[in-house]
Amino acid sequence: MGKTYERIDGRLRAFIEAQHMFFTATAPLAADGTVNLSPKGLTGSFAVLDERTVAYLDFAGSNAETIAHLRENGRITLMWCAFDGPPNIVRVHGSGEAVFRDDPRFPALLGHFPAIDPSLHGLRAIVVVTAELIRDTCGYAVPFMTYEADRDLHARRFAREDDAGLDAYFRKKEHIAASIDGLPGLPLPLPPTP
């Protein structure tokens, strides 16, 4: 049986922080718009800021659908699944915002991620999510899987890029400055690293 929570604390917080990956889901307002579902990982790139607010680092990639949807309507759902231990699925439904590198809040937010070097991954933004509904459900059908390690490919690819190189990379990608549905995505030129 699923349960609704008022806050992210105690056992719920411990479960979320122990997971090696989570998923984000967003969608545009248009009924025929493209729904986006993204896996997120990299140890140290997620943080619980307080009992109703979480954040994750948004790194360089091939598109910016989540950013575009958040800029349009702010709706987002985060989901964690237990791939080991007792079965559990936790969802945080809420409103999100992409805080870009030129935002005055960016340096303080970045301080919540001391275990990761963002310069290795082409950090674009920090996504901050305020929970509106927090629920867990059984994860009886989620398979057992074993975590071995984070992949080093992302860091190896983007560690060699400075701000100008990242900006050039993003400008070459079809769905960075605008989403698949044409919504504004990542602001370019890329703001400099603070």
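These numbers come from a predicted model, not from an experiment.

**Considering the side chain of D167**
Assignment of secondary structure puts D167 in helix α5 (residues 163–172). A distance of 2.6 Å separates the side chain of D167 from the backbone nitrogen of L190, its partner in a polar contact. Here D167 is in contact with L188, P189 and L190, once residues within four sequence places are set aside.

**Topic: helix α1 (residues 10–18)**
Among the residues of α1, L12, F15 and I16 are the ones counted as buried. Buried residues of α1, viewed axially, fall in a sector of 95°; they line one side. In α1, those exposed residues whose orientation departs by more than 90 degrees from the buried face are G10 and R11. In this structure, the buried side of α1 is in contact with β1 (3–5), β4 (46–50), β6 (75–81), β7 (89–100) and β8 (123–137).

**A few points about the layout of surface pockets**
Approximately 1000 Å³ is the volume attributed to the largest pocket. Along its surface, the largest pocket is lined by 35 residues, and M21, P39, K40, G41 and L42 are the ones closest to its centre. If you list the elements that add at least two residues to the lining of the largest pocket, you get β3 (36–40), β5 (53–59), α2 (65–72) and α4 (153–158). Taken together, the residues that form the lining of the largest pocket break down as 15 nonpolar, 12 polar and eight charged. Taken as a whole, the second largest pocket spans an internal volume of roughly 290 Å³. What lines the second largest pocket is a set of 22 residues, among which E17, Q19, G44, S45 and F46 lie closest to the centre. Of all the elements in the fold, those that place two or more residues in the lining of the second largest pocket are α1 and β4. The leading source of residues in the lining of the second largest pocket is α1, at four residues. Its residues placed into classes, the lining of the second largest pocket shows 12 nonpolar, seven polar and three charged.

The rules we used
Residues numbered from 1 in each chain as written. Predicted model: local features only at pLDDT ≥ 70, side-chain atom pairs only at ≥ 80, totals over all residues. Heavy atoms only, no water. Helix = DSSP H or I, 4+ residues; strand = E, 2+ residues; numbered from the N terminus. Polar contact = N/O pair within 3.5 Å; in protein donor to acceptor, adjacent residues only side chain to side chain. Contact = heavy atoms within 4.5 Å. Buried < 20%, exposed > 50% of the residue type's maximum accessible area, 1.4 Å probe, protein only. Arc of directions from axis to C-beta. 1 Å grid on protein atoms, 1.4 Å probe; cavity = no way out; pocket = protein on both sides within 12 Å on 5 of 7 lines; lining within 4 Å. Points joined across faces, edges and corners; volume = space filled by probe spheres on them. Nonpolar A, V, L, I, M, F, W, Y, C, P; charged D, E, K, R; others polar.

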